[in-house]
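Topology and contacts: notes
Each chain is listed here by its residues.
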Amino acid sequence: MTARFHVAVGSGGYMVSFYSLFYVLLTFALGPLSDRIGRKRMIFTGMMIFSAASLATALAPNFPIILIARSATGIGAAFAAPNIWAFIGDYFGPRIRGKVTAAVASALSLGLVIGVPIGTAVEQVASWKICFYLLAALAFLLAFLIFAFLPQSGNTQQAAPAAKKGYRDVLLQPQVLYSFLATFMVNFSNFGLYTFLGYWLKSQMHLSSAISGFIFLLAGVGNLTGVFLSGILSGKIAPRKLVAFLSLILAAAFLLLPVWRWNAALTAAAIILWMMAGGAVFSVIQAFVTQISAKARGTVLAMNNGFMWMGTALGSAMLSLMIDRWNFSVAAVVCACLTGVVATIFLFRLKDNQEER
C-alpha cells in the first residue's frame, strides 16, 4: 500500500494509529448510548459503518483518503466490539457466561493468528484491495445476519440515565475502577511486549526467520489453547481467583523469557506459556467485567475496551523506550511486576458476584 501511494513505509503505521485513536475516543463516548438503545442496534450500526469504511479504503484514490477511511473503520469497531461483550453479559447467565466469553475470545484469537497470513497471501496473489473488498462484504453479511437473527438486549425498556450520570455512576464504583486498572496493566504487558517479540527473536536471540515464524505459530496455538481452557476453568473456579492465578502464571512466563534466552527451545516454551496465560486471563477478565453492573453494562464494557486499547498503545510506546534504553529483558521484568499487581488486585480488592450492583 505504501508503494502504491508513494509514501514512506513508516507512514503506513498511521493507518493503525488513526484506527486506534478513533476507536478509543468513540468507545468512551458510545457506552451510555448502548445502555439506552440496546446492543443489537449498536452492533448492526457498527458493522454497517465498518463495511462502508472498508469499501472506501479499497476505492481510495490517495493516502489521505485511506487515513479517513481507516478512521471511519475505527468508529465502526467502536460501535460494535464493546457491545458484543455487553450482549454476552445481557443474554447469557453467570453459569455459562464464562464459556461463551471464551468462545468469542477464541474467535478473536483465531482472527489474529490467521488474519495476517491470509491477508499477506491474498495480497501476493491478487492485490491489497481484495483484502478490503472481502472485509467489506463479510461485514455487510454479518450486519444482515445481526439484523435478522440477533435478539435485542440492553435497557431498551427503561429510562436510561443521561451520559454524564451514567459515567459518574460507573466511576464511583471502586470495583469498576480496579477492574479498569487491571485491564490496562494486563494489556500494557501482554500486547505491549508482544509488539517487540519478533524484534527480540531476530535481533537479540539471532534466530532465523523460519524458526521465528514457527515460534509465532506455536504462540498462536498456545493463545487459542489458553482461551479454550479458560472457558472450562471459569465454570469450576471463581473468576476472581482464576484471574489472580493466571496473572501469576503470566508473570512467571515474563520472568522466564530473560532466564531462558540462551536456549531456543526453552524460549519457545516460555513464549507458549505466556500466550496461554495471556489469552486465558484476557477472556476471564472480560467475563468478570460483564457481571459488575447489569444496569450500565454497555458503559462499563465500552470503558473497559477503551482502557484495553490504551494499555496496548501505551505499553507499546513505553516498552519501546525501555528496550531502546536498556533491553528486552528489562521490559519483560517490568511486565512481570505489573501482572503481579493484577493478581494482588483480584485477590484483595475485588469480589465475585457483582451482577446486580
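Residues numbered from 1 in each chain as written. Predicted model: local features only at pLDDT ≥ 70, side-chain atom pairs only at ≥ 80, totals over all residues. Heavy atoms only, no water.

1. With respect to the overall build of the chain
- Counting its secondary structure elements, the chain contains 13 helices and zero strands.
- Ordered by position from the N terminus, the helices and strands of the chain form the series α-α-α-α-α-α-α-α-α-α-α-α-α.
- Its C-alpha radius of gyration of 20 Å places the chain within 12% of the 21 Å reference for a compact globule of 357 residues.
- Across its three principal directions, the C-alpha atoms of the chain cover 60 × 55 × 35 Å.
- A burial count over the chain gives 47% of its 357 residues as buried. (Helix = DSSP H or I, 4+ residues; strand = E, 2+ residues; numbered from the N terminus. Rg over C-alpha atoms; globule rule 2.2 N^0.38 Å. Buried < 20%, exposed > 50% of the residue type's maximum accessible area, 1.4 Å probe, protein only.)

2. Observations concerning the environment of Ala121
- Mapped onto the elements, Ala121 comes out in helix H4 (residues 94-125).
- Sequence-wise, Ala121 and Ala52 are 69 residues apart; in three dimensions their C-alpha atoms are separated by 23 Å.

3. Overview of helix H3 (residues 63-91)
- Between its terminal C-alpha atoms H3 stretches 42 Å, which fits the 42 Å expected from 29 residues at 1.5 Å a residue.
- The largest bend in H3 is about 30°, located at Ile84.
- Where H3 begins, one side-chain oxygen reaches toward the backbone nitrogen of Ile65, 3.0 Å away; that side chain belongs to Asn62. (Expected span 1.5 Å × (residues − 1). Bend = angle between axes of the 7 residues up to and from the residue. Polar contact = N/O pair within 3.5 Å; in protein donor to acceptor, adjacent residues only side chain to side chain.)

4. Regarding a nonpolar patch on the surface
- On the surface, a cluster of nonpolar side chains totalling about 600 Å² of accessible area is made up of Leu138, Leu141, Leu142, Phe144, Leu145 and Phe149.
- Assessed through its relative accessible area of 35%, Leu145 is described here as partly exposed. (Patch = residues over 30% accessible without salt bridge, like charges linked within 9 Å, V, L, I, M, F, W, Y side chains within 5 Å. Areas by Shrake-Rupley, 256 points an atom, 1.4 Å probe, with all protein chains shown as cover. Salt bridge = Lys/Arg side-chain N within 4 Å of Asp/Glu carboxyl O.)

5. A few points about the layout of surface pockets
- Its boundaries defined by the atoms lining it, the second largest pocket holds a volume of some 230 Å³.
- Listed by contribution, the elements that provide at least two residues to the lining of the second largest pocket are H4 and helix H11 (264-290).
- For the lining of the second largest pocket, the element with the highest residue contribution is H4, accounting for four residues.
- Of the residues that constitute the lining of the second largest pocket, the class distribution is seven nonpolar, five polar and four charged. (1 Å grid on protein atoms, 1.4 Å probe; cavity = no way out; pocket = protein on both sides within 12 Å on 5 of 7 lines; lining within 4 Å. Points joined across faces, edges and corners; volume = space filled by probe spheres on them. Nonpolar A, V, L, I, M, F, W, Y, C, P; charged D, E, K, R; others polar.)

6. Side note on the nonpolar core
- Of all hydrophobic cores here, the largest spans 65 residues; its most connected members are Leu193, Leu257, Ile271, Trp274 and Phe346.
- With 13 residues, the top contributor of residues to this core is H11.
- Setting aside residues no more than four positions away along its own chain, Phe346 makes contact with Ala182, Arg240, Val243, Ala244, Ile285 and Phe288. (Core = buried A, V, L, I, M, F, W, Y, C linked by side-chain atoms within 4.5 Å. Contact = heavy atoms within 4.5 Å.)

7. A few points about the pattern of salt bridges
- The tally for this structure, following the rule as stated, stands at three salt bridges.
- Between Arg39 and Asp35 there is a salt bridge whose closest N-O contact spans 3.0 Å.
- Arg39 sits in the buried class, given a relative accessible area of 0%.
- For Asp35, a relative accessible area of 4% translates into the label buried.
- A salt bridge links Asp90 to Arg39; its shortest N-O distance comes to 2.5 Å. Separated by 51 residues along the polypeptide, Asp90 in helix H3 and Arg39 in helix H2 (residues 39-59) bring together distant segments of the chain.
- Classification of Asp90 by relative accessible area gives partly exposed; the value is 25%.
- Several salt bridges converge on common partners, so that one network encompasses Asp35, Arg39, Asp90 and Arg297.

8. Things to note about the packing of helix H8 (residues 197-204) against H11
- As a packed pair, H8 and H11 sit with axes 13 Å apart at the nearest point and diverge in direction by 175°. Here H11 runs roughly antiparallel to H8, going by the angle between their axes. On the side of H8, the interface is formed by Leu197, Trp200 and Leu201, while H11 contributes Thr267, Ile271 and Trp274.
- By residue class, the composition of the contact of H8 with H11 is five nonpolar, one polar and no charged. (Axes fitted to C-alpha atoms, helices over the stretch in contact; angles between N-to-C directions. Parallel < 35°, antiparallel > 145°, perpendicular 65-115°, else oblique.)

9. Concerning the side chain of Ser189
- Inspection of the secondary structure puts Ser189 in helix H7 (residues 174-194).
- Ignoring any residue separated from it by four or fewer positions in sequence, one finds Ser189 in contact with Phe254, Cys335, Leu338 and Thr339.

10. Thoughts on empty space enclosed by the protein
- Here the structure, examined in full by the defined rule, presents one cavity of 30 Å³ or more.
- Taken as a whole, the largest cavity holds about 30 Å³ of empty space.
- The wall of the largest cavity is formed by Thr27, Leu30, Gly31, Ser34, Ala78, Pro82, Asn83, Gly298 and Ala302.
- Every element with two or more residues in the lining of the largest cavity is listed here: helix H1 (13-37), H3 and helix H12 (297-325).
- Per-element accounting of the lining of the largest cavity gives the leading share, four residues, to H1.
- Among the residues forming the lining of the largest cavity, the class breakdown is four nonpolar, five polar and no charged.

11. Quick look at the side chain of Ser316
- Positionally, Ser316 belongs in helix H12.
- A polar side-chain atom of Ser316 sits 3.0 Å from the main-chain carbonyl oxygen of Thr312.
- Setting aside residues up to four positions removed in sequence, Ser316 forms contacts with Gly192, Thr195 and Phe196.

12. Quick look at the packing of aromatic side chains
- All told, the structure shown has 17 aromatic pairs when counted by the stated rule.
- Here Phe44 and Phe147 contribute two aromatic rings whose centre-to-centre distance is 5.4 Å and whose plane-to-plane angle is 45°, an arrangement assigned as tilted. On the criterion of sequence distance, the pair formed by Phe44 in helix H2 and Phe147 in helix H5 (residues 128-149) is long-range, its members being 103 residues apart.
- Its relative accessible area of 26% is what places Phe44 among the partly exposed residues.
- The exposure class assigned to Phe147 is exposed, which follows from its relative accessible area of 54%.
- The ring centre of Phe147 lies 5.9 Å from the NZ or CZ of Lys40, which sits over that ring. (Phe/Tyr/Trp six-rings, centres within 6.5 Å; stacked < 30°, edge-to-face > 60°. Lys NZ or Arg CZ within 6 Å of the ring centre and 35° of its normal.)

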